[in-house]
Every structure is written in C-alpha cells, then in structure tokens.
Amino acid sequence: MNEPTRAAYPRLSLMMFLQLSIWGSWAVLIGGHMNDLAFTEFQISLVFGTTAFGAILSPLVAGWVADRFMPAQTFAAISHFAGGALMIIAYRQTSFGGMWLAILLHALLYMPTIALTNAIAFRHMGDSDKFGNIRVWGTVSWIAVNWGLSAYLRFWEARSDTPHVGDSLLLAGALSFVMGLYCLTLPNTPPSKEARNPYAFLEALSLMANRNFAVLLLVSFVVAIELPFYYNLTFLFLTEPGHGVGLAPSAANFAMSLGQVAEILLMLLLFPAIRYIGMRTTVFLGILAWPVRYIIFAIGPPSWLVVAAQSLHGICYAFFFVGGMVAVERLSPKDIRASSQG
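Not measured: the values here are computed from a predicted model.

The next thing to look at is a nonpolar patch on the surface. Taken together, Leu 218, Phe 221, Val 222, Ile 225, Phe 229 and Leu 233 make up a surface patch of nonpolar side chains, about 620 Å² in accessible area. By relative accessible area, which is 47% here, Ile 225 ends up partly exposed.

What follows is the structure, encoded as structure tokens:
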C-alpha cells in the first residue's frame, strides 16, 4: 500500500462513522415517536416506506452525476446539508402529511450518499477486500449514537412523562450538517476520465448481463424485502406488551444495538472469510442468518432469546450486504463504480 492510500484510511473511517450515525440516530426510534404522536399503524408504515422510495429512485441518478458530472464528495455534501434541514423540519411535524413529506425528501437525498461514500472509499483505499475494516466504523457509530440515545431516554424516563423519542430527529439533523462539512474535506473523487457512455446508470444496469452480478442483484432484492421489517418494526415489537417483549424504550433501543456490536466482529472477519471460504460461501452464510433470526422472533418469549437474536444482525449485514458491496466493486468497470454501488 502506498503512503497516500494508507493516510486516507483514518479519513475514510471517519467518513463512514459520520455517514451511518445520521441514519442510526433516527431509524430505530422514529417508530416510537410516531406512536407517541398517535399515528395509525398504516401511517407509520407509509413513513417507513419513504426510505424504500429513496433507495429506488435516487442512487442511480446520484451515481450517474458522480460518475459523469460532479465530484462524489461535493454531491454528498450538498445532499447532507439539505437532508439536515429536512430532519429539523420533520422534528417539528405533528401531522402525518408533514412528517411523510419531510422524511421522503430526506430519504431521496440521504440514500444516494450511502453509494457515494462507498464509491469514495473504494476509490482511495486501494485493496477493496479490506473494505470491511473501513465500513466497520459506520457500525461503531450506529452503536455509539444509540447507546447515547438510550442513556438520554433513560434520563428523561426517570424525570418526566413527556416523551423525548422524537429528539432523535434533531440529532440526525445536526449530524447531517457535520457530515456535510466533513464531505468538503474528503479526498477529491472526480468523475472518471475514462468514461465511454455518458449515461452511467444505463451502463451499470447493463451489468445484469453478467450472471454473477444478476444473481447477486436478484438475491439482494429478496433479502432486502426482509430488511424494513427489522429496522422499522423491531423497536415497536420489543416495546409492545403482550405479543411483544414489553421493554422500556431505552432498553429496547439498547437491545437493538446488540446487532451492531456483533456486526463489528463480523465486519473484521469479512476479509479473512472472503479469502479463505470464498465470496459465495460468505454471502450465503449472511443470507442464512436472516430466516434464523425471524424464526426466533416468531416464536417469541423467552424475552432473553429474542434480545440475544439481535446479535444475528452482525452476520446478516456484514457477510451479505457489505460482502455484496465488495463483490459489486470487483465486477464493475472503473468509470461506473458509483452507479454500480447505487
């Protein structure tokens, strides 16, 4: 590894830390906040669905802009500044319509930045197989922000009956502004000079002709169907009395962070796993952990087993999703990597 690449590792790690801290600060708790606002279950599901719209509509366009027109770090900075303002607007909403629109617009801006930060990391880190060593700092941030929020909620639970779960949206807004400023300091990642096709997103979609890419995309689609049920509804499941586990909000938020604790270990094991058991086996183990976790959830009590099952998120995410990001990097031409990650 040359010195400039080695020097980039701390900067790229901090980039991942800030990137995932934004999502981690609100994704777990917003279900409880909407419940406190007396939203119906259907309305809550529609607000959660905004991230899916963002994930479908935005990343290919953002990747196309980054691959062809604008440095990736500049595009990410603009997205985070605007996204931070929208989080603060969302915090002030008490009606379904206002909340849905604010979170939708935030999702359209935030979701592309995941692909952009991946592309920035792969461009400057050198050895793509060691991506997990940088991406793990996103997991560390998710844990840090949620443990901090758990302590914050515990403080208020002991002193007031007023719910403070919605304060997580304010934190997300503040972190978005910090991330926007930090993006302006990242290594320059300009559009590729080797571009042949001006429409990078169409060229990225043409990778479906590659059997390995097509299979990975198809399996990702199936597995991703399960992901919203975990991120969006597990907090409500853990806090619900009766059919749920009945934990206090602070305890439920802490319990969900156990998945990220396990994710740290699995992220560090990603590189040796790919090297010694192969990419396909690594991804398969990541897929297998998903149904095992949901079977435990379906069985329900004892509550300690449901809480312990959160740790399976480590292998679910590190081996499947992050392993898939490495696979996409291997399969993509240099001039469309941002679009391919999208």
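In this structure, Met 15, Trp 23, Ile 30, Met 99, Ile 103 and Phe 131 are the most contacted members of the largest nonpolar core, which totals 90 residues. Once you skip the residues sitting within four places of it in the chain, Trp 23 turns out to touch Tyr 110, Met 111, Ile 114 and Trp 142.

Moving on, we get to the packing of aromatic side chains. Using the criterion set out here, one finds eight aromatic pairs in the structure. Relative to Trp 156, the ring of Phe 155 lies with its centre 5.3 Å away and its plane at 85°, an arrangement referred to as edge-to-face. You can call Phe 155 partly exposed: its relative accessible area is 38%. In this structure Trp 156 comes out as partly exposed when scored by relative accessible area, which is 27%. Ring geometry for Phe 237 and Phe 297: centres 5.7 Å apart, planes at 35°, overall tilted. In this pair, Phe 237 sits in helix α10 (residues 211-239) while Phe 297 sits in helix α12 (residues 279-299), placing the two residues 60 residues apart along the sequence. One aromatic cluster in this structure is built from Trp 23, Tyr 110 and Trp 142. Over the ring of Trp 290 we find Arg 293; its NZ or CZ atom is 5.0 Å from the centre of that ring.

This next bit is on α10. Taking 1.5 Å of rise per residue, the 29 residues of α10 would be expected to cover 42 Å, and the 43 Å separating its terminal C-alpha atoms lies within 8% of that figure. Of all the bends in α10, the greatest, near 55°, is centred on Leu 233.

A few words now on unusual backbone geometry. The backbone of Ala 38 shows a phi angle near 70°, a positive value even though the residue is not glycine. For Ala 38, the location among the structural elements is in the loop between α2 (30-36) and α3 (41-57). Take Ala 38: its relative accessible area is 64%, and that puts it in the exposed class.

On to the confidence of the model for the chain, then. Summing up the model confidence of the chain, the mean pLDDT is 82 and the portion of residues at 70 or higher is 87%. Here helix α9 (residues 200-205) stands out as the least confident element of the chain, with mean pLDDT 62; helix α8 (residues 167-183) is the most confident, with 96.

Moving on, we get to the environment of Leu 108. For Leu 108, the location among the structural elements is in helix α6 (residues 96-125). For Leu 108 and Phe 53, which are 55 residues apart along the polypeptide, the C-alpha to C-alpha distance reads 7.3 Å.

Here we come to the packing of α10 against α12. Orientation of α10 relative to α12, taken along the N-to-C sense of each, is 30°, at an axis distance of 11 Å. Considering their axes alone, α10 and α12 lie roughly parallel with respect to each other. Here α10 runs over α12; the crossing is left-handed. Residues Asn 212, Val 219, Val 223, Glu 226, Leu 227, Phe 229, Tyr 230, Thr 234 and Phe 237 of α10 form the contact with α12, whose participating residues are Arg 280, Ile 287, Trp 290, Arg 293, Tyr 294 and Phe 297.

Checked against the element boundaries, Leu 186 lands in the loop between α8 and α9. C-alpha separation for the pair Leu 186 and Ala 77, spaced 109 residues apart in sequence, amounts to 9.9 Å. The contact partners of Leu 186, leaving out residues within four places of it in the chain, are Arg 11, Met 15, Gln 73 and Ile 120.

Further remarks concern the side chain of Thr 50. For Thr 50, the position within the fold is in helix α3. Judged by its relative accessible area of 0%, Thr 50 is buried. A polar side-chain atom of Thr 50 sits 2.6 Å from the main-chain carbonyl oxygen of Val 47. Ignoring anything within four residues of it in the chain, the contact list for Thr 50 reads Trp 100, Ile 103, Leu 104 and Ala 107.

On to the side chain of Ser 176, then. Looking at where Ser 176 falls in the secondary structure, it is placed in helix α8. Those residues within four positions of Ser 176 in sequence are excluded, and the remaining contacts are Ile 22, His 80, Gly 83, Gly 84 and His 106.

Rules used throughout
Residues numbered from 1 in each chain as written. Predicted model: local features only at pLDDT ≥ 70, side-chain atom pairs only at ≥ 80, totals over all residues. Heavy atoms only, no water. Patch = residues over 30% accessible without salt bridge, like charges linked within 9 Å, V, L, I, M, F, W, Y side chains within 5 Å. Areas by Shrake-Rupley, 256 points an atom, 1.4 Å probe, with all protein chains shown as cover. Salt bridge = Lys/Arg side-chain N within 4 Å of Asp/Glu carboxyl O. Buried < 20%, exposed > 50% of the residue type's maximum accessible area, 1.4 Å probe, protein only. Core = buried A, V, L, I, M, F, W, Y, C linked by side-chain atoms within 4.5 Å. Contact = heavy atoms within 4.5 Å. Phe/Tyr/Trp six-rings, centres within 6.5 Å; stacked < 30°, edge-to-face > 60°. Helix = DSSP H or I, 4+ residues; strand = E, 2+ residues; numbered from the N terminus. Lys NZ or Arg CZ within 6 Å of the ring centre and 35° of its normal. Expected span 1.5 Å × (residues − 1). Bend = angle between axes of the 7 residues up to and from the residue. pLDDT = per-residue confidence, 0-100. Axes fitted to C-alpha atoms, helices over the stretch in contact; angles between N-to-C directions. Parallel < 35°, antiparallel > 145°, perpendicular 65-115°, else oblique. Left-handed = near helix turned anticlockwise from the far one by under 90°. Polar contact = N/O pair within 3.5 Å; in protein donor to acceptor, adjacent residues only side chain to side chain.

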